[in-house]
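# Coordinate inspection notes
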Amino acid sequence: AQSVTQLGSHVSVSEGALVLLRCNYSSSVPPYLFWYVQYPNQGLQLLLKYTTGATLVKGINGFEAEFKKSETSFHLTKPSAHMSDAAEYFCAVSDRRGNAGKSTFGDGTTLTVKP
Amino acid sequence: NAGVTQTPKFQVLKTGQSMTLQCAQDMNHNSMYWYRQDPGMGLRLIYYSASEGTTDKGEVPNGYNVSRLNKREFSLRLESAAPSQTSVYFCASSAKGRQGTNTGELFFGEGSRLTVL
């Protein structure tokens, strides 16, 4: 069984400040890990993913995440927040052995960016 | 680039009515999924189809049925709608990578917002 915990359902930062969204996962096998972003009234779109190899993963819009196996974490960061980053962010985990599209999602974190 | 297309985008039903949500993808993906999204609960998998001709239950299948009509289309049916099925429904698809295994990356439609009164 897999699970995802996103710490903090709401995060607020000032424009230009560091963005840090936390994600911890539980998986009995080496996982695939994902971050998705959802803008209002839209579907989810992939920000970045970790499958294998380099543990620091770079995604779109300046976001990156680091897979830390010892901490079972996959936190999402961006050095400088932009107003357009305001959205809901979901961390997800899937089992690479089975159908890897069967993802388990966290409850989401809503990011607010203040001017 | 259409990607994943869902219809209808909005629907209001009365308790006990039936309806079908339609989903089509034009990316030649093998696997397709139906998720529901409820406030504060993330997305939960209802049913999925790993390939044409196969369907399997996800985390919350009760009250739903699915049909993988062909490689492109995957429909979700509510036979007798209940207020607990008020939600936003997302269809998604995923591809096989070069090694033949699922890449895991999901491509989502824009969602279908269903209200059951």
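For the structure given in this document, a descriptive report is provided here.

What counts, and at which threshold
Residues numbered from 1 in each chain as written. Chains lettered and ligands numbered in written order. Predicted model: local features only at pLDDT ≥ 70, side-chain atom pairs only at ≥ 80, totals over all residues. Heavy atoms only, no water. Helix = DSSP H or I, 4+ residues; strand = E, 2+ residues; numbered from the N terminus. Rg over C-alpha atoms; globule rule 2.2 N^0.38 Å. Buried < 20%, exposed > 50% of the residue type's maximum accessible area, 1.4 Å probe, protein only. Contact = heavy atoms within 4.5 Å. Areas by Shrake-Rupley, 256 points an atom, 1.4 Å probe, with all protein chains shown as cover. Lys, Arg positive; Asp, Glu negative; His and termini not counted. Charge placed at Lys NZ, Arg CZ, Asp CG, Glu CD. Disulfide = S-S within 2.5 Å. Polar contact = N/O pair within 3.5 Å; in protein donor to acceptor, adjacent residues only side chain to side chain. Core = buried A, V, L, I, M, F, W, Y, C linked by side-chain atoms within 4.5 Å.

### Some points on the overall build of chain A
Assigned secondary structure in chain A consists of zero helices and eleven strands. Each helix and strand of chain A, ordered N terminal to C terminal, gives the series β-β-β-β-β-β-β-β-β-β-β. The globule rule puts the C-alpha radius of gyration for 115 residues at 13 Å, and the 14 Å found for chain A is close to it. Seen through its C-alpha atoms, chain A measures out along the principal axes to roughly 45 × 30 × 20 Å. Out of the 115 residues in chain A, the part that is buried amounts to 46%. In chain A, once contacts between residues fewer than 6 apart in sequence are set aside, the share between residues at least 24 apart is 57%. Per element, the accessible surface of chain A, about 5300 Å² overall, is 51% carbon and sulfur. One way to put it: in chain A the 10 positive side-chain charges average out to a point 7 Å from where the 8 negative ones average out.

### Some details on the overall build of chain B
Within chain B one finds zero helices and eleven strands. Reading chain B from its N end, one meets helices and strands in the order β-β-β-β-β-β-β-β-β-β-β. Computed over its C-alpha atoms, the radius of gyration of chain B comes to 14 Å, within 12% of the 13 Å expected for a compact globule of 117 residues. The principal-axis extent of the C-alpha atoms belonging to chain B is close to 45 × 30 × 30 Å. When burial is assessed residue by residue, chain B has 48% of its 117 residues classed as buried. Partitioning the contacts of chain B with sequence separation of at least 6, the portion at a separation of at least 24 is 54%. Approximately 5600 Å² of chain B is accessible, and the part contributed by carbon and sulfur atoms is 48%.

### Regarding the state of the cysteines
Residue and element names in this part refer to chain B. By the definition in use, this model includes two disulfides over all chains. Between C23 and C91 runs a disulfide, and the two sulfur atoms are separated by 1.9 Å. Handedness of the C23-C91 disulfide follows from its S-S torsion of about -75°: it is left-handed. Note that C23 is positioned in strand 3 (residues 19-25) and C91 in strand 9 (residues 87-94), a separation of 68 residues in sequence. A relative accessible area of 4% places C23 in the buried class.

### Notes on the side chain of R36 of chain B
All names here are of chain B. One can find R36 in strand 4 (residues 31-37). Within polar-contact distance, the side chain of R36 engages the side chain of D38 at 2.9 Å. For R36, the side chain forms a polar contact with the side chain of Y64, separated by 2.9 Å. The contact partners of R36, leaving out residues within four places of it in the chain, are G42, L43, R44, I46, V60, Y64, S84, Q85, T86, S87, V88 and Y89.

### Section: the nonpolar core
Residues W35, L47, L48, F74, L76 and Y89 of chain A are the most contacted members of the largest nonpolar core, which totals 27 residues. Counting residues per element, the ones that place at least two in this core are strand 2 (10-14), strand 3 (19-26), strand 4 (31-38), strand 5 (44-50), strand 7 (64-68), strand 8 (73-78), strand 9 (87-95) and strand 11 (109-114) of chain A. If you look at the next biggest cluster of nonpolar residues, it comprises 20 residues, including C23, I46, Y47 and F74 of chain B.

Function cannot be inferred from these measures alone, as they are strictly geometric.
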